[in-house]
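# Structural characterization, general
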Amino acid sequence: DQSSEQTPVTASVVVPVRNGERVIARCLRSLSLQDLPRDDYEIIVVDDGSTDATAEIVRQFPRVCLIVQPPSGPAAARNRGAEAAHGDMVLFTDADCVPAGDWLGEVAEAMSDPAVQIVIGSHQFGGRGLLLSMLAAYEEGKKEYTYNSPIKVLYHGHNNNMAVRKRLFDEIGAFVERPRGADTIFVRRCVDQYGCSAVRHNPGMRVRHLEINSVYKYYSKCSVYRRSRRAYRPMAFVRGLTNRERLLVFRRTVRNQGYSLAEAMLLFALLTVGLTHCTLRSYLPGLERGMGKRRRA
């Protein structure tokens with residue numbers, strides 16, 4: 001189902017989705033109102049076997065290209081979208097993410113450096129409030145530390161806010177089609193071939209991740225990422241920050257945000273609880289299943 005006009009474009013936005021009827025319209029509205037001229041970019045939605053009204057909602061956006069495929073996973077959907085892309089830059093986000101209005105412009109500015117192959121943006125959380133804003137600031141500090149580091153094993157991907165030069169797919173291959181970690185494996189291939197400077201973090205390239213709407217959800221996602229890192233380790237070894245590095249990021253976050261002593265202590269407590277939570281859930285999956293059953297009850 002190809003509903004987009006075939007016009008010359010400089011950027012292609014790929015959105016994989018499965019059963020995203022509650023969030024896809026908000027994502028597409030934001031993408032349709034970017035600060036670049038609409039003829040300069042295309043939007044490609046890859047419906048990965050949805051059984052709800054996702055496809056019908058996407059068809060309400062006349063300048064969006066809709067591709068429907070059998071359920072194959074998000075990495076396969078992103079590969080399908082990248083293959084269909086006409087732009088020199090391929091941007092990836094998810095259906096439950098809302099890019100800022102200057103998202104595409106920020107990508108174009110970062111990609112003006114020909115040495116840059118991948119740009120990774122920043123994330124705001126779907127929920128609001130002091131606690132989540134503190135955790136989001138800390139996460140941005142981690143990205144700043146990671147992507148300004150010469151340490152290859154720290155580099156990882158963020159496929160819900162990532163831009164890639166299209167030719168890079170020809171040079172290092174497509175995403176490995178696995179449930180999780182395909183973005184990180186891809187980023188590590190790029191770093192191994194072109195060096196750390198080929199991957200850039202642009203904090204102005206912002207999306208709001210609607211799924212993370214509570215502190216508990218943030219903790220849960222962190223534990224998922226940790227388990228995923230162990231699963232794809234044979235393909236791309238990535239280590240998390242050491243305690244010393246976490247402390248360094250914490251101090252920089254407190255300084256950059258101008259937190260008071262009380263706020264700094266609160267952030268430290270949130271991170272300590274989160275680290276304990278992630279460790280337990282990462283190594284005791286039975287505990288996680290039990291907690292999930294109690295919540296549903």
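Residues numbered from 1 in each chain as written. Predicted model: local features only at pLDDT ≥ 70, side-chain atom pairs only at ≥ 80, totals over all residues. Heavy atoms only, no water.

Let us now look at the overall build of the chain. What the chain contains, in helices and strands, is 11 helices and 8 strands. In terms of overall size, the chain behaves like a compact globule, its C-alpha atoms giving a radius of gyration of 19 Å where 297 residues would be expected to give roughly 19 Å. Taking the principal axes of the C-alpha coordinates as reference, the chain spans close to 55 × 50 × 40 Å. In the chain, 76% of the contacts between residues at least 6 apart in sequence involve partners at least 24 apart. For the chain, the accessible area works out to roughly 13800 Å², and carbon and sulfur atoms hold 54% of it. Across the chain, the 42 positively charged side chains and the 31 negatively charged ones have centroids separated by 11 Å. (Helix = DSSP H or I, 4+ residues; strand = E, 2+ residues; numbered from the N terminus. Rg over C-alpha atoms; globule rule 2.2 N^0.38 Å. Contact = heavy atoms within 4.5 Å. Areas by Shrake-Rupley, 256 points an atom, 1.4 Å probe, with all protein chains shown as cover. Lys, Arg positive; Asp, Glu negative; His and termini not counted. Charge placed at Lys NZ, Arg CZ, Asp CG, Glu CD.)

Counted by the stated rule, this structure contains 9 aromatic pairs. When the ring of Phe169 is compared with that of Phe175, the centres are 5.6 Å apart and the planes differ by 75 degrees; the resulting orientation is edge-to-face. The exposure classification of Phe169 matches that of Phe175, with both residues buried. Clustering of aromatic rings is evident, with ring pairs tying together Phe92, Phe169, Phe175 and Phe186. Lying across the ring of Tyr41, Arg38 places its NZ or CZ 4.6 Å from the centre. (Phe/Tyr/Trp six-rings, centres within 6.5 Å; stacked < 30°, edge-to-face > 60°. Buried < 20%, exposed > 50% of the residue type's maximum accessible area, 1.4 Å probe, protein only. Lys NZ or Arg CZ within 6 Å of the ring centre and 35° of its normal.)

Take the packing of helix α5 (residues 130-147) against helix α9 (residues 243-257) next. The geometry of α5 relative to α9 is characterised by a closest axis approach of 9 Å and an angle of 120 degrees between their N-to-C directions. It follows that α5 is oblique to α9 by the angle criterion. α9 is crossed by α5, and the crossing has right-handed handedness. Contacts between α5 and α9 pair Ala137, Tyr138, Gly141, Lys142, Glu144 and Tyr145 from the former with Glu245, Arg246, Leu248, Val249, Phe250, Arg252, Thr253, Asn256 and Gln257 from the latter. (Axes fitted to C-alpha atoms, helices over the stretch in contact; angles between N-to-C directions. Parallel < 35°, antiparallel > 145°, perpendicular 65-115°, else oblique. Left-handed = near helix turned anticlockwise from the far one by under 90°.)

Here we take up the pattern of salt bridges. Tallied over the full model, the rule gives 12 salt bridges. Across the salt bridge formed by Arg63 and Asp39, the nearest N and O atoms sit 2.6 Å from each other. Remark: Asp39 occurs in the loop between α1 (24-32) and β2 (41-48) and Arg63 occurs in the loop between α2 (54-58) and β3 (64-69); sequence separation between them is 24 residues. Between Glu140 and Lys143 there is a salt bridge; the shortest N-O distance is 3.2 Å. Linking Glu140 with Lys143, this pair stays in helix α5, spanning 3 residues, or about one helical turn. (Salt bridge = Lys/Arg side-chain N within 4 Å of Asp/Glu carboxyl O.)

This part is about the layout of surface pockets. Computed from the structure, the second largest pocket encloses a volume of approximately 360 Å³. Here the element with the most residues in the lining of the second largest pocket is α5; it accounts for 8 residues. (1 Å grid on protein atoms, 1.4 Å probe; cavity = no way out; pocket = protein on both sides within 12 Å on 5 of 7 lines; lining within 4 Å. Points joined across faces, edges and corners; volume = space filled by probe spheres on them.)

This paragraph deals with the sheet that holds strand β1 (residues 11-17). The strand order across the open sheet formed by 8 strands is β3-β2-β1-β4-β7-β6-β8-β5, and the pairing between neighbours is mixed. Whereas interior strands pair on both sides, the edge strands pair on one side only; in this sheet they are β3 and β5 (97-99). On average, each strand axis in the sheet is inclined to that of its neighbour by 30 degrees, with strand direction left out of account. Two elements, β1 and β2, share 7 bridges in a ladder whose sense is parallel. Opposite Val17, over in β2, you have Asp47 as the bridge partner. (Pairing = 2+ DSSP bridges.)

Looking now at the side chain of Gln34. Its location among the elements puts Gln34 in the loop between α1 and β2. A distance of 2.9 Å separates the side chain of Gln34 from the backbone oxygen of Ala100, its partner in a polar contact. Residues within four places of Gln34 in sequence aside, it is in contact with Tyr41, Pro99, Ala100, Gly101, Asp102, Trp103 and Leu104. (Polar contact = N/O pair within 3.5 Å; in protein donor to acceptor, adjacent residues only side chain to side chain.)

Formed by 35 residues in total, the largest nonpolar core has its most connected members in Val15, Leu28, Leu31, Val45, Leu91 and Trp103. With 5 residues, the top contributor of residues to this core is α1. Core analysis: the next-biggest nonpolar cluster, separate from the first, contains 29 residues, Ala75, Val90, Met162 and Cys196 among them. (Core = buried A, V, L, I, M, F, W, Y, C linked by side-chain atoms within 4.5 Å.)

A cluster of nonpolar residues, Leu130, Leu131 and Leu266, forms a patch on the protein surface that exposes about 220 Å² of accessible area. By the secondary structure assignment, Leu131 is in helix α5. (Patch = residues over 30% accessible without salt bridge, like charges linked within 9 Å, V, L, I, M, F, W, Y side chains within 5 Å.)

The pLDDT averaged across the chain works out to 90; a share of 92% of its residues lies at or above 70. Confidence drops under pLDDT 50 across residues 1-7; counting only partners more than four residues distant or on other chains, this segment forms 16 contacts. With pLDDT under 50 throughout, residues 287-297 is counted as low confidence; its partners more than four residues away or in other chains account for 5 contacts. (pLDDT = per-residue confidence, 0-100.)

We now examine unusual backbone geometry. The phi dihedral of Asn19 falls on the positive side, at around 55 degrees, and the residue is not glycine. Position of Asn19 relative to the elements: it lies in the loop between β1 and α1.

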